[in-house]
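# Descriptive analysis of the structure
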Amino acid sequence: MLAFILQRLIQAVVVMVTVAFIAFLLFQYVGDPVVFLLGQDATKEQIDMLRADLGLDQPFFVQFGHFLSNAVQGEFGLSLRQGAKVSRLIAERLPATLELALVAASLALLIGIPMGVYAALRRGTWASQLIMTVSLLGVSLPTFLIGILLILVFAVTLGWFPSFGRGEVVQMGWWSSGLMTAKGWHHIVLPAVTLAIFQLTLIMRLVRAEMLEVLRTDYIKFARARGLSNRAIHFGHALKNTLVPVLTITGLQLGGLIAFAIITETVFQWPGMGLLFIQAVTFADIPVMAAYLCLIALIFVAINLVVDLLYFVVDPRLRVGKSGGH
């Protein structure tokens, strides 16, 4: 286990250094931050002085070394658009994005897995066919269209939910949470459902396909021959083995929820990192773009590491293999 963790950590470091290098290239080839800070009317002396103060007159790899050192400490300089520290802007927006992604992921798992199991165990029934038909809509419709339709129906027509904003939040140190208030939950429903629909249908279809595959294996037939109940076979044996590939997809999808909540946050004007990134792209705010890229890569790397470790919990064959068994 220790060797496995060390191997994954080394891979994670390589990935993060590569992503940091790509983020650093933004400073080199996407506009000049000195011109952004001083404006077009700055004199050559002012430009040269600021370039020296920022260390931009040093060799390429020396600049990258400084960038990497600062990135490890969570420092990415000042936002060219807002004039504030990028780390503070990220810290202000991170709670909103994480809460939205966690609520959406919880909805996708709590609804998608039972629906997938039901569709597999009741294959051929009208309810199973209806579930599969509806799931095609969830996979096919783009996220922005789902969000607009939900706003039209539940916010404009029925007036049940607000169409934008995060609602009332509670400040706990640097962390702000909308899940501690009723208005916060009221505001998060529509964006969370919008973000969860695609993941929900994907998980449901994956669980159904894997469940059907597992139910056809020999050890399930042997379990039936031993006289085990359907409940023990379906949930004690089949579902547990079904969850191994589901863990991989779910882990990657959770990272995707955080990384690609951009569209949902834009549609609902949700004050998270996605909206901050869209604004940064619009104004070519390179430090914010670089910080966002590095943070999302870190989240993906961390989630992949956790998923790999969960394999040992879910699949006992991996533990047996590592200990020298068959």
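Residues numbered from 1 in each chain as written. Predicted model: local features only at pLDDT ≥ 70, side-chain atom pairs only at ≥ 80, totals over all residues. Heavy atoms only, no water.

## Quick look at the side chain of Gln199
Condition: Here a helix means four or more residues in a row that DSSP labels H or I, a strand means two or more in a row labelled E, and each is numbered from the N terminus. Throughout this description, buried means an accessible area under 20% of the type-specific maximum (1.4 Å probe, protein chains only), exposed means over 50%, and partly exposed covers the range between. Residue contacts are defined here by distance: any two heavy atoms, one from each residue, within 4.5 Å place the two residues in contact.
Note that Gln199 resides in helix H8 (residues 182–215). Here Gln199 falls in the buried class, since its relative accessible area comes to 9%. Each residue touching Gln199, except ones within four places of it in the same chain, is listed here: Ala108, Gln253 and Leu257.

## Considering the packing of helix H5 (residues 86–121) against helix H6 (residues 126–140)
To be explicit about the condition: Between N-to-C directions, angles cover 0 to 180 degrees, with each direction set by a line fitted to C-alpha atoms, over the stretch in contact for helices. Should an angle fall under 35 degrees it is called roughly parallel, over 145 degrees roughly antiparallel, and 65 to 115 degrees roughly perpendicular, with every other angle called oblique. Each crossing gets its hand from how the near helix is turned against the far one by less than a right angle, where anticlockwise is left-handed and clockwise is right-handed. Classification used: nonpolar for Ala, Val, Leu, Ile, Met, Phe, Trp, Tyr, Cys and Pro, charged for Asp, Glu, Lys and Arg, polar for all others including Gly.
The interhelical angle for the contact between H5 and H6, taken along N-to-C directions, is 130°, at an axis separation of 9 Å. On the basis of their axis angle, the class for H5 and H6 is oblique. In terms of crossing hand, the pair formed by H5 and H6 is left-handed. Of H6, the residues touching H5 (which contributes Met115, Tyr118 and Ala119) are Ala127, Ser128, Ile131 and Met132. Per-class residue counts for the contact of H5 with H6 are six nonpolar, one polar and no charged.

## Considering a nonpolar patch on the surface
Which entries qualify depends on this criterion: A patch consists of residues exposed above 30% relative accessible area that lack any salt bridge, with like charges linked at up to 9 Å and nonpolar side chains (Val, Leu, Ile, Met, Phe, Trp, Tyr) linked at up to 5 Å. Accessibility throughout is a Shrake-Rupley quantity obtained with a 1.4 Å probe, and a residue counts as covered only by protein chains that appear here. Here, a salt bridge means any side-chain nitrogen of Lys or Arg that lies within 4 Å of a carboxyl oxygen of Asp or Glu.
A surface patch of nonpolar side chains, about 1,100 Å² in accessible area, is lined by Leu137, Leu141, Phe144, Leu145, Ile148, Leu149, Leu152, Val153, Val156, Leu158, Trp160 and Ile263. It is helix H7 (residues 143–157) that contributes the most residues to the nonpolar patch, seven residues altogether. Along the polypeptide, Ile263 turns up in helix H11 (residues 262–267).

## A few points about the side chain of Glu265
Quick reminder of the rule: When charges are tallied, Lys and Arg are placed among the positive residues and Asp and Glu among the negative ones, while His and the ends of the chain are skipped. A 3.5 Å cut-off defines polar contacts: any pair of N or O atoms within that distance qualifies, except that in protein one atom must be a possible hydrogen donor and the other a possible acceptor, and neighbouring residues in sequence count only when both atoms are side-chain atoms.
Tracing the chain through its elements places Glu265 in helix H11. Summary of buried charges: Glu265 has no salt-bridge partner, and the nearest side chain of opposite charge, Arg93, is 6.3 Å away. Among the polar contacts made by the side chain of Glu265, one reaches the side chain of Thr97 at a distance of 2.8 Å. Not counting the four nearest positions on each side in its chain, Glu265 is found in contact with Thr97, Leu100, Trp270, Gly272, Met273, Gly274 and Leu275.

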